[in-house]
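# Summary of structural features
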Amino acid sequence: MIAFAFVLQSPDVTPDWLSDVAAAVAVQLARDVAPAWGLAPPRVQVAVYRTLDDLPSGVLPIVLLPTSDVAGDYGYHGETADGGFYARVFTRGLKLDDISRTISHEAIEALVDPACNRWVSAPDGRLYALEAADPVEADSYPITLGDDMVYVSNFVLPAWFDEATPDEAITDHL
């Protein structure tokens, strides 16, 4: 089972805000994403850590950093040279809803394809990465936690990648 933990290394958001986002992402992944993809719900550490060294072992870190190391990217996930997985989300200049959607986006994609190595063949012979949030990344929906609403990313369903799926079929969560 995959497990996520959050590392806050950006001054642009507070630990309390990130804890709320982590709780909303935990709900989304368990209630919406995992069942839709036939996956076990992940474990999400709602605690916020300050450094990678503080993390419990065996978790996939989602690290919030102020500025991107890839021009134009709000976030990405990948695999380290030693086979570990991670996600990075960048915060500088973004609204909180955009940051929460990006966190959710990367968590969805890391749950569906943690190693970033699954591909789907298109009818024209091209290969597409199995990125479950990219096709609908502009869309979001709220997860309500008490009095708070946190916006999370929409995501596609497995049918979106199946060329035999009828045009009128539902292919994304929203």
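Above this text is the structure in question.
## So, the overall build of the chain
A tally of helices and strands in the chain yields two helices and nine strands. N-terminal to C-terminal, the α/β element order of the chain is β-α-β-β-β-β-α-β-β-β-β. A globule of 174 residues ought to have a C-alpha radius of gyration of about 16 Å, and the chain, at 16 Å, matches this closely. By its C-alpha atoms, the chain is 45 × 40 × 30 Å across when sized along the principal axes. Within the chain, the fraction of its 174 residues that count as buried is 44%.

## Regarding the packing of helix H1 (residues 15-37) against helix H2 (residues 96-112)
Axis separation between H1 and H2 bottoms out at 10 Å; the angle between their running directions is 40°. Overall, the two elements H1 and H2 adopt an arrangement that is oblique. Seen along the crossing, H1 lies across H2 with a hand that is right-handed. For the pair formed by H1 and H2, the contact residues are Trp17, Leu18, Val21, Val25, Gln28, Leu29, Val33, Ala34 and Trp37 on the first element and Leu96, Ile99, Ser100, Ile103, Ser104, Ala107, Ile108, Leu111 and Val112 on the second. Residue classes in the contact of H1 with H2 are distributed as 15 nonpolar, three polar and no charged.

## Some points on H1
A bend of about 40° at Leu29 is the largest found in H1. Among the residues making up H1, those that are buried are Trp17, Leu18, Val21, Ala22, Ala24, Val25, Gln28, Leu29, Asp32, Val33, Ala34 and Trp37. Along its buried surface, H1 packs onto strand S1 (3-8), strand S2 (43-49), strand S3 (60-65), H2, strand S8 (140-145) and strand S9 (148-153). Residue Gly38 follows H1 closely and has a positive phi angle near 65°.

## Topic: the pairing of S1
Within S1, six of the six residues are buried, leaving the element largely enclosed by the surrounding structure. Of the two faces of S1, the one holding Ala3, Ala5 and Val7 and the one holding Phe4, Phe6 and Leu8 are both buried throughout. Pairing geometry for S1 and S2, over four bridges, is parallel. Following the sheet pairing, Ala3 is matched in S2 by Arg43. One crossover worth recording links S1 to the parallel S2 by way of H1, and it is right-handed. The pairing of S1 with S3 spans five bridges and is parallel. In the strand pairing of S3, Phe4 is matched with Leu60.

## Looking at the environment of Leu94
Tracing the backbone shows Leu94 in the loop between strand S5 (85-90) and H2. Put simply, Leu94 and Tyr141 are 47 residues apart on the chain and 18 Å apart in space, counted from C-alpha to C-alpha. Not counting residues within four places of it along the chain, the set of residues in contact with Leu94 comprises Tyr74 and Ile99.

## Let's talk about H2
End to end, H2 covers 24 Å across 17 residues, agreeing with the expected 24 Å (1.5 Å per residue, within 8%). Most of H2 is tucked away: 13 of the 17 residues are buried.

Conventions and cut-offs
Residues numbered from 1 in each chain as written. Predicted model: local features only at pLDDT ≥ 70, side-chain atom pairs only at ≥ 80, totals over all residues. Heavy atoms only, no water. Helix = DSSP H or I, 4+ residues; strand = E, 2+ residues; numbered from the N terminus. Rg over C-alpha atoms; globule rule 2.2 N^0.38 Å. Buried < 20%, exposed > 50% of the residue type's maximum accessible area, 1.4 Å probe, protein only. Axes fitted to C-alpha atoms, helices over the stretch in contact; angles between N-to-C directions. Parallel < 35°, antiparallel > 145°, perpendicular 65-115°, else oblique. Left-handed = near helix turned anticlockwise from the far one by under 90°. Contact = heavy atoms within 4.5 Å. Nonpolar A, V, L, I, M, F, W, Y, C, P; charged D, E, K, R; others polar. Bend = angle between axes of the 7 residues up to and from the residue. Pairing = 2+ DSSP bridges. Right-handed = clockwise from strand over helix to strand, strands pointing away. Expected span 1.5 Å × (residues − 1).

Note that all results are geometric; they support no functional claim without further evidence.
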